[in-house]
Each structure stands twice: as structure tokens, then as C-alpha cells.
Amino acid sequence: MSGPCVAHPEAAATAVCHGCRRAFCDRCTIDFDGWTLCAPCKNRAVAWSMEVTDYRKPQTAFVLAMVGVFMMCFGIVLDIIAIIVAQKALREIQARPGLPGRALARWAILISSLGLLLHLLGFVAVWVR
Ligand SMILES: [Zn+2]
Ligand SMILES: [Zn+2]
């Protein structure tokens, strides 16, 4: 490591922040989840991880899809809502790859599509009879 710390010109840099790639001394960096980060980047990482654990759209879509499949009549509405929520979640995950639940959102779309199909077949069966 060469050159001084970004925040302390008198101190030699000992580490590079994984977030902003700038060089810092011992006092400036901390270990966060195995990542060496400076203070501003650490704060951003904390805010980010809180946002990430708060991201529940894929789970919501999945639960709606499952409930929709096993419910008669009204289930068709739940399946449609599940598809809308899951597609919205997938778009958001695509825009920000750090967000979790991609597979879950995909499953939600698959299950609710199947649910829709089952419900439609059910309606057809009732009409034909
Ligand atoms: Zn940084
Ligand atoms: Zn420093």
C-alpha cells in the first residue's frame, strides 16, 4: 500500500475501501461482514442491508399465489394480484440486483399462472355441465 490516507494526510494508507476504492489508514476503515469499508461506505452498507431485509414483495406475491391456488372463486383475483406484484418485484430486482427473492418471485408467477389455469378450467367445467 502506498500513499497517505484520504482523511489523514499524515498517516500511511493501510487498506482500500471496498465501496469507494479509496485508500485509508487503520483508524478510518472497519470490517463489515468481511468487507473493508470506510465510514461513509459502512453507513451506506447498513442502510442498504436494512432496505434489503425489508424487501418483502416476492414473499407477498408467493403467499398470494399459494392462497389463490387453494381458494375457490375469489382465488382467481388473488392469483392476478400475485402475478402483478411478482412482476413488479422482478422488475425492481432487475434494476437493483442486490435485492433478494428473484427465484421466489418467479415461483409466484408460475404458481399463480397455474392457479389461473385451474380456475379457468373449473369455470369451463361448470359451464359445460
Ligand atoms: Zn468507502
Ligand atoms: Zn485515516
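Now for a look at the structure at hand. (Residues numbered from 1 in each chain as written. Chains lettered and ligands numbered in written order. Predicted model: local features only at pLDDT ≥ 70, side-chain atom pairs only at ≥ 80, totals over all residues.)

1. Section: the environment of leucine 90
Link 1 in the chain: The residue leucine 90 is located in helix α3 (residues 75-95) in this model.
Link 2 in the chain: Placed 35 residues apart in sequence, leucine 90 and tyrosine 55 show a C-alpha to C-alpha distance of 12 Å.
Link 3 in the chain: Non-local contacts of leucine 90, meaning those with residues more than four positions away in its chain, are made with Arg102 and Ala105. (Helix = DSSP H or I, 4+ residues; strand = E, 2+ residues; numbered from the N terminus. Contact = placed C-beta atoms within 7 Å.)

2. A word on the nonpolar core
Link 1 in the chain: Counting 16 residues, the largest nonpolar core has Ala61, Ala65, Ala82, Ala86, Ala89, Ala105 and Ala108 as its most contacted members.
Link 2 in the chain: Listing elements by their share of this core, those giving two or more residues are α2 (57-70), α3 and α4 (102-128).
Link 3 in the chain: Considering every element that reaches this core, the biggest residue donor is α3, with eight residues.
Link 4 in the chain: Of all hydrophobic cores here, the second largest spans nine residues; its members include Ala13, Phe24, Cys38 and Cys41. (Core = buried A, V, L, I, M, F, W, Y, C linked by C-beta atoms within 7 Å. Buried ≥ 20, exposed ≤ 12 C-beta atoms within 10 Å, placed from the backbone.)

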